[in-house]
Amino acid sequence: MSDEAIVKVIFGIRGSGKTVKLRRLTLDVHRLLLINTLNRDGFTNGVVFTDLAELKKFWKKVYTHNFRIIYSPVHGDIDRACDEVGEICQAAMLCGEMTIAIEEMNVLFEGKRTPRQFNQIIFAGREPGIELIGVAQSPVGFGSAMRSMTQEAYLFHCHERSHLEIFEKLIGRDARSKLPLLKYYEYLYWNMDAPDKCEIRKDDPLPVM
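As the structure is a computational prediction, the values presented were derived from the model and not from experiment.

Colleague: In this structure, what is going on with the pairing of strand β1 (residues 7-11)? I would like to understand it.
Modeller: Of all 5 residues in β1, 5 are buried, a share of seventy percent or more. A two-sided burial pattern is seen for β1, the buried positions comprising V7, V9 and F11 on one face and K8 and I10 on the other. Pairing geometry for β1 and strand β6 (residues 130-136), over 5 bridges, is parallel. Bridging across to β6, K8 finds its partner in I133. Bridging between β1 and strand β7 (residues 152-155) involves 4 bridges; their strand directions are parallel. Looking across to β7, one finds that V9 is bridged to A153.

Right, here's the structure in full:
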């Protein structure tokens, strides 16, 4: 895991294919905790919890083995969910060798200071072997730390000028011009190791997980 313990982001408008990409990225992950921020249907490929206390009890029992845990909060309190993400990140640093995936980051963190533990994962998560995958409709609303530490990006259709300007800093002007032209499930793949080689890719839909 440690060689793959990097920061990945998936951006794009609603319905563009982000969740399909997330499912593909996590399909073969053996130690996963996925945060289904808005408790949306479709995330069932794992042990699903709606209460953080119960999740922690279970995680404490299985953390030395493989696990697939999905946290789908039902309380509807975004401020509380933000704090809970901090608790999960803190526990993940102790657990090590795992993947954390967070849906709807811009909704979760918009207008708030991102949890200290979340930033710790971004800047120091490689040593304990933590891969972080963030999914958002917008490249703003959760601070600049994650964007600055991104090593892989999957950029789906986008036509908002202010967002395109942010993406241009990452992928360049030529690649930026392709983003408004992408069709459903098409995305631009960017890798820090080859920053000048953005390419258009497409994933087929997966069954509900």
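Colleague: What should I look at first to understand the nonpolar core in this one?
Modeller: In summary, soluble globular proteins display a tendency toward joint burial of nonpolar side chains. Formed by 48 residues in total, the largest nonpolar core has its most connected members in W59, M98, I100, I102, F118, M146 and I171. When residues of this core are assigned to their parent elements, the largest contribution, 8 residues, is made by helix α3 (residues 78-95). Among residues more than four places away in sequence, those in contact with I102 are I35, T37, V85, L108, F118, L132, I133, G134 and V135. Within the second largest apolar cluster, 15 residues are counted, among which are L22, A101, Y154 and Y187.

Colleague: For this particular structure, what's the right way to read the sheet that holds strand β9 (residues 199-202)?
Modeller: Strand pairing in a sheet relies on backbone hydrogen bonds. The paired strands run either parallel or antiparallel. Spatial strand order, β3-β4-β2-β5-β6-β1-β7-β8-β9: 9 strands in an open sheet with mixed pairing. This sheet does not close on itself; its edge strands, each paired only once, are β3 (47-49) and β9. Neighbour-to-neighbour, the strand axes of the sheet open up by a mean angle of 20°, direction not taken into account. Contacts from helix α5 (residues 116-124) reach β1, β5 (98-102) and β6, with the element oriented near 120° to β6.

Colleague: What should I look at first to understand α3 in this one?
Modeller: One turn of an α-helix holds 3.6 residues; hence residues three or four places apart share an orientation. Compared with an ideal rise of 1.5 Å per residue, which puts 18 residues at 26 Å, α3 spans 25 Å between its outermost C-alpha atoms and is within 8% of the ideal. Considered for burial, the residues of α3 that qualify are A81, C82, E84, V85, G86, I88, C89, A92, M93 and C95. The opening residue of α3, the one whose side-chain oxygen lies 3.1 Å from the backbone nitrogen of D79, is D77. Positive phi shows up at G96, right after α3, with a value of about 70°.

Colleague: Would you mind going over the environment of S138 with me for this structure?
Modeller: Within the secondary structure, S138 is located in the loop between β6 and α6 (145-148). On the basis of relative accessibility, which here comes to 10%, the residue S138 falls in the buried class. S138 sits 91 residues away from V47 along the chain, and the two C-alpha atoms are 29 Å apart. Those residues in contact with S138, other than ones at most four positions away along the chain, are F11, N106 and H163. Here V140 takes part through its backbone nitrogen, which lies 3.1 Å from a polar atom of the side chain of S138. A distance of 3.3 Å separates a polar atom in the side chain of S138 from a polar atom in the side chain of H163.

Thresholds applied
Residues numbered from 1 in each chain as written. Predicted model: local features only at pLDDT ≥ 70, side-chain atom pairs only at ≥ 80, totals over all residues. Heavy atoms only, no water. Buried < 20%, exposed > 50% of the residue type's maximum accessible area, 1.4 Å probe, protein only. Helix = DSSP H or I, 4+ residues; strand = E, 2+ residues; numbered from the N terminus. Pairing = 2+ DSSP bridges. Core = buried A, V, L, I, M, F, W, Y, C linked by side-chain atoms within 4.5 Å. Contact = heavy atoms within 4.5 Å. Axes fitted to C-alpha atoms, helices over the stretch in contact; angles between N-to-C directions. Expected span 1.5 Å × (residues − 1). Polar contact = N/O pair within 3.5 Å; in protein donor to acceptor, adjacent residues only side chain to side chain.

The analysis is restricted to geometry; functional conclusions fall outside its scope.
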